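Per-entry structural report
For reference, the chains in residue letters:
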Amino acid sequence: MSEELRTNEAAETLDGWYCLHDFRSIDWSAWKTLSSDERQEAIHEFHGLLQKWTAAEKAEKGSHALYTIVGQKADFMFMILRPTMEELNEIETEFNKTKLAEFTIPSYSYVSVVELSNYIPGGDGGDPYQNPQVRARLYPILPKAKHVCFYPMDKRRQGNDNWYMLSMDERRNLMRSHGMIGRKYAGKVKQIITGSVGFDDYEWGVTLFADDVLQFKKLVYEMRFDEVSARYGEFGSFFVGNLLEPNKVAAFLQV
């Protein structure tokens, strides 16, 4: 095989919990046609689901986050982490069978798995899945920060700007400088990277959590000037929202 056709070295990944981002819009006109008692019954049923998700989180068998979405792309989003893809499917189906779901319109979804790559080396050389720091990143309890930002992304594969034709050393050096920008926001922004190659339309999903929503703008804008994003990044739609605590669900659905 010629040097030009030699297959490049793929990044190795550590994979954790499977992830579903489920975005819904509410048919407010239809929701208003229900009696107050019917609406309360639907809300009570949804609270039962939230309690099940909370119990799984306390048992360290997954995690979840619930946010309202600003803008016309959706009204709310729940992000679910579970050990298996089957469990994600079961949770999605269970919600779809609820009364509340009858008044929601699926607006977007994203399927992926929590991922760490070997671009940035680390660890003690042992089994990384037994490293407490690595496990905390692969099986995270999602922060209940005030705000969330989600977007999918690809690495460009066009002409001279083809990420996948770069050598491992080139990609590792680029990702190291890219990661340094993210470290500047430690304590301000919590980032969950999920891989979606073979699972969804893009290659990664990025979910950011912060108590100061402006930190999303600052972080993403600064990263735009880094070569990894400026030259090789392709981005999908951005979704931004506000934390919806369980005790605020009824007020959110009040009509």
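Residue indices begin from 1 for each chain and proceed along its sequence in written order. Restriction of local features to residues with pLDDT of at least 70 applies here, the model being predicted, together with a cutoff of 80 or more for giving and counting side-chain atom pairs; totals for whole chains, interfaces and linings are based on all residues. Each side-chain value is derived from all of the structure's non-hydrogen atoms; neither hydrogens nor water enter the calculation.

Examining helix α2 (residues 36–58)
Convention followed: Under the scheme used here, helices are H or I runs from DSSP no shorter than 4 residues and strands are E runs no shorter than 2 residues, and both carry numbers assigned from the N terminus. Given the number of residues in a helix, its expected span is that number minus one, multiplied by 1.5 Å. Between buried and exposed lies partly exposed: a residue is buried under 20% and exposed over 50% of the maximum accessible area for its type, with that area taken using a 1.4 Å probe on protein chains only. Contacts are residue-level and defined by heavy atoms, with any inter-residue pair within 4.5 Å sufficient.
With 23 residues, α2 extends 33 Å between its outermost C-alpha atoms, agreeing within 8% with the 33 Å of an ideal straight helix rising 1.5 Å per residue. Looking at α2, one finds that the buried residues are Arg39, Ala42, Ile43, Phe46, Leu49, Leu50, Trp53, Ala56 and Glu57. Lining the buried residues of α2 we find α1 (28–32), β2 (63–69), β3 (76–82), α3 (85–96) and α8 (249–252). Where α2 ends, the next residue or the one after it, Glu60, has phi of about 60°, a positive value.

Looking at the confidence of the model for the protein chain
Basically, it comes down to this: What pLDDT reports is the predictor's confidence in each residue, on a scale of 0 through 100.
Per-residue pLDDT for the protein chain averages 93, and the proportion of residues at 70 or more is 95%. Note on residues 1–5: pLDDT under 50 across the span, and 1 contact to partners over four residues away in sequence or across chains.

Focus: empty space enclosed by the protein
Our working definition: A cavity, in this analysis, means grid points on a 1 Å lattice covering only the protein atoms where a 1.4 Å probe fits yet has no way out; a pocket is instead an open set bounded by protein on both sides within 12 Å along at least five of seven lines, and a residue lines either one if it has an atom within 4 Å of a point. Grid points are joined across faces, edges and corners, and a volume is the space filled by probe spheres set on the points. Each residue gets one label: Ala, Val, Leu, Ile, Met, Phe, Trp, Tyr, Cys and Pro are nonpolar, Asp, Glu, Lys and Arg are charged, and the others, such as Gly, are polar.
Inspection of the entire model under this criterion finds 1 cavity of 30 Å³ or more. Considering the residues around the largest cavity, the lining is formed by Phe46, Phe76, Leu100, Leu244, Val249, Phe252 and Leu253. Across the lining of the largest cavity, the residue classes break down as 7 nonpolar, no polar and no charged.

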